[in-house]
Amino acid sequence: MSDIIRRDPRAEWIMRNRLHPLHEQYASQEEGGEVRGPSGLIRKFPHKVGFIGPNGIKRIDRLKGNATAPKGKRSAAAQEVQLPLHKVDSPDYYIMMVADMVGGRLTGHDKDILGLAHKLIVEQGGNGAVVAVCFGEVKEDNFDTAGVDRVLHIEGEAFEGYAPEARVQALTKVEAQYSVKHWLFPDSIHGGCDLASRLAARLGERPATQAWQVNAEQSVSRGASASLDITRQTPKILMLLEECADAIDETRHEATPMFLDDVSVAAATIKDKGLIAVDPNAIPMAEAEFILSAGNGIHNWDQFHEASKVLGATEGASRVAVDDGFMPRSRQVGATGTWVTARVYVAVGISGAIQHMQGIGQVDKVVAINTDAGCDMVKRAALSVIGDSEEILAELMKLVAEHKQTSLSDQAEENSNAA
Amino acid sequence: MPHKVISLISVGRHPQSGRSRRADQDSRAVELGLKLAGTDLDVVHAGNAEEPVLRQYAGMGLQKVTVLEQTETADAIPALSSYLKAEKADIVLTGVRSESGESSGMTPYLLAEQLGWPIVARVADIVEIKDGEAQVLLALPRGQRRQVTVKLPFIASIDNAAQAARQSAFGPGLRAKMDTQTGSTEEDNVRVNWSEAPAKARPKRLKVVKAKTAADRFKAATAKPQGGLGKVMKNESAQEKAQAIFDLLIEEKVIR
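Since the structure is predicted, the reported quantities are computational estimates derived from the model, not experimental observations.

The rules we used
- Residues numbered from 1 in each chain as written.
- Chains lettered and ligands numbered in written order.
- Predicted model: local features only at pLDDT ≥ 70, side-chain atom pairs only at ≥ 80, totals over all residues.
- Heavy atoms only, no water.
- Helix = DSSP H or I, 4+ residues; strand = E, 2+ residues; numbered from the N terminus.
- Buried < 20%, exposed > 50% of the residue type's maximum accessible area, 1.4 Å probe, protein only.
- Contact = heavy atoms within 4.5 Å.
- Areas by Shrake-Rupley, 256 points an atom, 1.4 Å probe, with all protein chains shown as cover.
- Rg over C-alpha atoms; globule rule 2.2 N^0.38 Å.
- Lys, Arg positive; Asp, Glu negative; His and termini not counted.
- Charge placed at Lys NZ, Arg CZ, Asp CG, Glu CD.
- Domains from an automatic or database assignment.
- Buried area = accessible area lost by both parts, 1.4 Å probe.
- Salt bridge = Lys/Arg side-chain N within 4 Å of Asp/Glu carboxyl O.
- Expected span 1.5 Å × (residues − 1).
- Core = buried A, V, L, I, M, F, W, Y, C linked by side-chain atoms within 4.5 Å.
- Phe/Tyr/Trp six-rings, centres within 6.5 Å; stacked < 30°, edge-to-face > 60°.
- UniProt positions renumbered as here; feature names shortened; annotations may be inferred.
- Pairing = 2+ DSSP bridges.
- Axes fitted to C-alpha atoms, helices over the stretch in contact; angles between N-to-C directions.
- pLDDT = per-residue confidence, 0-100.

A. Geometry of the overall build of chain A. Along chain A, the regular secondary structure elements total 11 helices and 21 strands. A total of 419 residues make up chain A; the buried ones form 47% of that total. Summarising the internal contacts of chain A: among those between residues at least 6 apart in sequence, 60% fall at separations of at least 24. Carbon together with sulfur atoms contributes 50% to the accessible area of chain A, which is approximately 21500 Å² in total.

Here it is as structure tokens:
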């Protein structure tokens, strides 16, 4: 639980009282046991007595250790708190929650909606289960503590990347196979809104969009560019705003896998040609995904700019770098500058002043490159590398250049094979 | 062969003053339509032909605006879908969400479902139309772009990332013709049962510390970054260190 050293008054009292029946046991625990000679006499090694004090002088504790507390701490061992398991056997109905899964993990938005799904089940009664429907690659490990009773992971090449048509076909099959009471979607730009609208049009249901206050009977949603509250009966398909309910945090759930019988889909009319390279420095820093940030530890600025170009990262800077004139003010990350939301933030030569740490509060993964192993940035980082930044950046650039070459040649090979 | 491009427009709402204006995304849809079809662009509105906002759209250089005349409570979908079918449209451009009414953003999806056309959501640009196929750039979160190809005819909803609309000229707007046709008379019966009120401010979420003991509460109040969670590399060679960073970047898919 906690690492606080707790005194054991009873043990201290036994140590002081030489007539106590347990005194021997406690005292020997403290001193490492007594040594008896061949004749059975207790032998003491006189040079071992005492210890060297802080100023180098030998001190002998005449109290025979009676004044010190025994070393055996009575503090509770750090134990994992096991949350109570919420079990749903043979559910009557399902509430389907189609997760955004940005980067393969549940977002905060998804977790809020899972909390809302459980709230709906409690209000409606009956034996309902919350199902997280996810497509593509899934890296999430904590489905159980996020409140997922069942996981319906729809896999297949047709659902990878940008495939809203294939996905909506799969969802209509889910609708046919299971008894679904509600479809919950995050009303987000990560594809939740698009998929929900497609499903609603396909099923002929009228969805509640931008809903933010939902119970079993009524739901309140925003309309007219968020200037209107529309109260209506809770429909089958809901697109929910962020913070529509509190996430689950006091129960554990089964997260058992569910399966869709038929995952075949018709050929897509929209063909995905992949992501287009955009100039990373043209992306507003607050919404950039990958930031390479420079601080006082950078000496070779040309190399830093080149590195950001090679990595395809948006450039950021700490206050010192901006004040010294190496970077423009608009690139400053932190309390005075921009509060970034990147997924990956590489801090090169930034020790991590608290103002800077505030600015990167929402970042998922921080990588620190620094010469000081004890700085705050290293404590915050998921991966810290202690060493000269110039050398490491050079090696990193070499690796990325190699990687790009091989992937390019792979592509060329594929193209020639296809031709 | 020139393609038939139709932009659907609606009455917008200024975010601060609440006055009606040309909607942001719809005017971008008109702008993109003008880029694709020039003056052949057909701009369609379902609603009141007397609406002054339509003149603001017309002021972008349109000869005429087609209005499917119908009451405010009538359903726009049947009128629009029959119009699009009759006109044999190739590309239909709309906004993502209207700025007035329910603003559910369902119009393009319902039209696509009725017509059986593909819908491409959140379009930033239509790059090229060739051999009955269009190359479309989609706007993704975090400023990213995705390229897709889609066969004509299709419906596209235009994102705020598309090119901003040109300025509207007052005089040409007044002189533009309003081509009025009869719209649908089908009333929206579901919406009658809803109650509408001015939006209330949403309550801010409070940070609740669910600590059982005083020590835990104290810790939560004075939390400092804790060490020992991340991996620290000290004595490895620069190459190994760079490799570790590289592996993390690949795993997080920020380097492709």
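Read on for the rest.
B. Spotlight on the overall build of chain B. Helix and strand counts for chain B stand at seven helices and 13 strands. Against the 2.2 N^0.38 benchmark of 18 Å for 256 residues, chain B shows a C-alpha radius of gyration of 25 Å, more extended than a compact globule. Long-range contacts, defined here as pairs at least 24 residues apart, represent 67% of the contacts in chain B between residues at least 6 apart. Of the charged side chains in chain B, 37 are positive and 31 negative, and the gap between their average positions amounts to 11 Å.

C. Spatial organisation of the domain arrangement of chain A. You can read the domains of chain A as domain 1 (1–73), domain 2 (85–258) and domain 3 (280–401). Taking the mean C-alpha position of each, domain 2 of chain A and domain 3 of chain A sit 36 Å from one another.

D. Fine view of the interface of chain A and chain B. Across the boundary between the two partners, chain A contributes 83 residues, which contact 74 residues of chain B. Taken together, the two surfaces of chain A and chain B that pack against each other cover about 7300 Å², and 56% of this comes from carbon and sulfur. Three residues, Arg206, Leu275 and Leu383 of chain A, lead the burial of chain A against chain B; their summed loss comes to 9% of the area buried on that side. At the boundary of chain A with chain B, the tally comes to 11 salt bridges. Between Arg205 of chain B and Asp112 of chain A there is a salt bridge, with the nearest N and O atoms lying 3.4 Å from each other.

E. Broad picture of helix 3 (residues 108–124) of chain A. A rise of 1.5 Å per residue sets the reference length of helix 3 of chain A, with its 17 residues, at 24 Å; its end C-alpha atoms lie 25 Å apart and thus fit the reference within 8%. Positive backbone phi, at 75°, marks Gly125 of chain A, one or two positions downstream of helix 3 of chain A.

F. Examining the nonpolar core more closely. By size, the foremost hydrophobic cluster in this structure holds 51 residues, and its most contacted members are Met96, Val133, Phe135, Ile154, Leu171, Trp183 and Phe185 of chain A. The leading source of residues in this core is helix 6 (residues 192–203) of chain A, at six residues. Dropping the residues within four chain positions of it, Phe135 of chain A is found in contact with Val98, His153, Ile154, Phe159, Arg167, Ala170, Leu171 and Leu195 of chain A. With 39 residues, the next largest nonpolar core counts Val5, Leu32, Tyr57 and Ile158 of chain B among its residues.

G. The arrangement of the packing of aromatic side chains in detail. Residues and elements named next belong to chain A. In total, this model carries five aromatic pairs over all chains according to the counting rule given. Between the aromatic rings of Tyr94 and Tyr178, the centroid separation amounts to 5.3 Å while the plane-to-plane angle is 80°, which identifies the pairing as edge-to-face. Remark: Tyr178 occurs in the loop between helix 5 (164–177) and strand 9 (180–186) and Tyr94 occurs in strand 6 (residues 93–98); sequence separation between them is 84 residues. You'll find Tyr94 and Tyr178 in the same group, each marked buried. Each ring, one from Trp301 and one from Phe326, has its centre 4.8 Å from the other, and the planes form 15°; the classification is stacked. One end of the pair, Trp301, is in helix 7 (residues 301–311); the other, Phe326, is in the loop between helix 8 (319–323) and strand 19 (344–348), with 25 residues separating them in the sequence.

H. Highlighting helix 7 (residues 238–251) of chain B. Residues and elements named next belong to chain B. Between its terminal C-alpha atoms helix 7 stretches 20 Å, which fits the 20 Å expected from 14 residues at 1.5 Å a residue. Turning to helix 7, its buried residues number three or more, namely Ala238, Lys241, Ala242, Ala244, Ile245, Phe246, Leu248 and Leu249. Among the residues trailing helix 7, Lys253 stands out with phi positive, at a value near 60°.

I. Structural context of the UniProt feature "domain: Electron transfer flavoprotein alpha/beta-subunit N-terminal" (unreviewed entry) in chain B. In the numbering used here, UniProt assigns the "domain: Electron transfer flavoprotein alpha/beta-subunit N-terminal" (unreviewed entry) feature to residues 11–186 of chain B. For residues 11–186 of chain B, the end-to-end C-alpha separation is 20 Å, with 27% helix and 34% strand making up the annotated structure.

J. The sheet that holds strand 5 (residues 64–69) of chain B, seen in detail. A sheet is described by the order of its strands in space; here 10 strands give the open sequence 16(A)-9(B)-8(B)-7(B)-10(B)-6(B)-1(B)-4(B)-5(B)-11(B), paired in mixed fashion. Only two strands of the sheet have a single neighbouring strand rather than two, namely strand 16 (270–276) of chain A together with strand 11 (177–182) of chain B. The average angle at which neighbouring strand axes cross in this sheet is 30°, direction not considered. Of the pairings in the sheet, the one linking strand 1 (residues 5–8) of chain B to strand 6 (residues 91–95) of chain B comprises three bridges and is parallel in character. Its bridge partner being in strand 6 of chain B, Ser7 of chain B is matched across the sheet by Leu93 of chain B. Along the sheet face, helix 1 (residues 24–37) of chain B touches strand 1, strand 4 (42–47), strand 6, strand 7 (119–130) and strand 10 (154–158) of chain B and points at about 155° away from the line of strand 6 of chain B.

K. Local environment of the confidence of the model for chain B. Averaged over all residues, the pLDDT of chain B is 87; the fraction at 70 or higher stands at 97%. Confidence, expressed as mean pLDDT per element, reaches its minimum in chain B at helix 6 (residues 214–221) of chain B with 78 and its maximum at strand 10 of chain B with 93.

L. Seen up close, the sheet that holds strand 15 (residues 256–258) of chain A. Ordered in space as 15(A)-8(A)-7(A)-6(A)-9(A)-13(A)-10(A)-11(A)-12(A)-12(B), the 10 strands form an open sheet in which the pairing is mixed. Each edge of the sheet is formed by a strand with only one pairing partner; in this case those strands are strand 15 of chain A together with strand 12 (195–198) of chain B. Ignoring strand direction, the axes of neighbouring strands in this sheet form an average angle of 35°. Pairing of strand 10 (residues 208–214) of chain A with strand 11 (residues 218–223) of chain A, which is carried by three bridges, proceeds in the antiparallel orientation. Counterpart to Val214 of chain A in the pairing with strand 11 of chain A is Ser219 of chain A.

M. The arrangement of the pairing of strand 7 of chain B in detail. Residue and element names in this part refer to chain B. For strand 7 and strand 10, the ladder comprises three bridges, and the chain directions are parallel. Counted as the bridge partner of Ile119 is Ile155 from strand 10. Sheet topology places strand 7 next to strand 8 (residues 133–139); six bridges connect them, and they run antiparallel. Each residue of the ladder has a partner; that of Val123, found in strand 8, is Leu138. Two successive antiparallel strands, strand 7 and strand 8, enclose a turn made up of two residues, where Asp131 displays a positive phi of approximately 50°.

N. Molecular detail of the pattern of salt bridges. All names here are of chain A. Going through the model one piece at a time under the given rule, you end up with 29 salt bridges over all chains. Across the pair Arg150 and Glu254 runs a salt bridge whose closest N-O atoms are separated by 3.2 Å. With Arg150 in strand 8 (residues 150–154) and Glu254 in the loop between strand 14 (252–253) and strand 15, the pair connects residues that are 104 residues apart, well separated along the chain. Judged by relative accessible area, which is 22%, Glu254 ranks as partly exposed. Across the pair Arg319 and Asp323 runs a salt bridge, and its minimum N-O distance is 2.9 Å.

O. A look at the environment of Pro46 of chain A. By the element assignment, Pro46 of chain A lies in the loop between strand 2 (42–43) and strand 3 (51–52). Along the primary structure Pro46 of chain A and Leu311 of chain A are separated by 265 residues, whereas in three dimensions their C-alpha atoms are 66 Å apart.

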